[in-house]
Amino acid sequence: MRIGVLAWGSLVWNRGELLLADDFRPNGPRLAIEFCRVSSDGRLTLVIDETFGTPCPTYSGVSSFEDLDKAIENLWVRESKPGAKIPADLRGQAMIGFVDLQDNTESAVARQRHPLAVDAIREWAGPEGFSAIVWTALPIRFKDTLNVPFSTEAAIAYLDSLEDEAARSMALDYVRKAPPEVRTPVRAEVQKRWPG
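The shown structure was predicted, so the numbers you read here are calculated from the model rather than taken from an experiment. (Residues numbered from 1 in each chain as written. Predicted model: local features only at pLDDT ≥ 70, side-chain atom pairs only at ≥ 80, totals over all residues. Heavy atoms only, no water.)

A. Looking closely at the overall build of the protein. Scanning the protein from terminus to terminus reveals eight helices and eight strands. If you line up the protein on its principal axes, its C-alpha atoms span 50 × 35 × 30 Å. Restricting to contacts in the protein with at least 6 residues of sequence separation, those with at least 24 account for 66%. Working note: accessible area of the protein is about 9,400 Å², and carbon and sulfur atoms make up 50% of it. With 23 positive and 28 negative side-chain charges, the protein shows a separation of 3 Å between the mean positions of the two kinds. (Helix = DSSP H or I, 4+ residues; strand = E, 2+ residues; numbered from the N terminus. Contact = heavy atoms within 4.5 Å. Areas by Shrake-Rupley, 256 points an atom, 1.4 Å probe, with all protein chains shown as cover. Lys, Arg positive; Asp, Glu negative; His and termini not counted. Charge placed at Lys NZ, Arg CZ, Asp CG, Glu CD.)

B. Region of interest: unusual backbone geometry. A positive phi angle, near 55°, is found at Asn-104, a position not held by glycine. By secondary structure assignment, the location of Asn-104 is in the loop between strand E6 (96–100) and strand E7 (105–106). Since its relative accessible area comes to 58%, Asn-104 is described here as exposed. In this model, Arg-141 sits at a positive phi of 55°, which is unusual for a non-glycine residue. Relative to the elements of secondary structure, Arg-141 occurs in the loop between strand E8 (132–136) and helix H5 (143–146). (Buried < 20%, exposed > 50% of the residue type's maximum accessible area, 1.4 Å probe, protein only.)

C. Looking closely at the pairing of strand E1 (residues 3–7). Among the five residues in E1, five count as buried, and that is most of the element. Residues Ile-3, Val-5 and Ala-7 line one face of E1 and the alternating positions Gly-4 and Leu-6 line the opposite face, and both faces are buried. Bridge count between E1 and E8: three bridges; the pairing is parallel. Each residue of the ladder has a partner; that of Gly-4, found in E8, is Ile-133. Relative to strand E5 (residues 59–62), E1 is paired through four bridges, and the arrangement is antiparallel. Bridging from a neighbouring strand, Leu-6 pairs with Ser-60 of E5. (Pairing = 2+ DSSP bridges.)

Here is the structure:
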């Protein structure tokens, strides 16, 4: 089974534990993404968001694993906190999305969070020669964390409110390091406000 891994954020420049048979290439499907997830370390990270996201090209790579559960587990380990217990039900967990074209199955959580992206990924995968695809399917987590609805203005206000210079620098570095194909309103505002 040839399994693809999709990426659009830090996974492109920091694979960590992720094992790929080749490098990521900028040939993935266009997905609606935006810097609208507040991570545990305070960065605004890129996630699929079909309400506020901008369609952007993504990257794809070939997993080193030919077993879908192993590929899901490998990406889950990369995306989770160090030492986190691997879920018993890898296909039912809420962090990694998947589409399996052979069995015609998909992640229920990903389908609920971003159905248009799941359709786009499914449509893209077959012609690219993949039997399955895995990707990070995290929720937005902006309003839940900051108590304000997401908007470009709210994202910039959040970054501006980071009083700790190291935290702000880390948050801005994430936005700056995103692949050049990622062109979103938040990134454009960050580049205007904090050039460099």
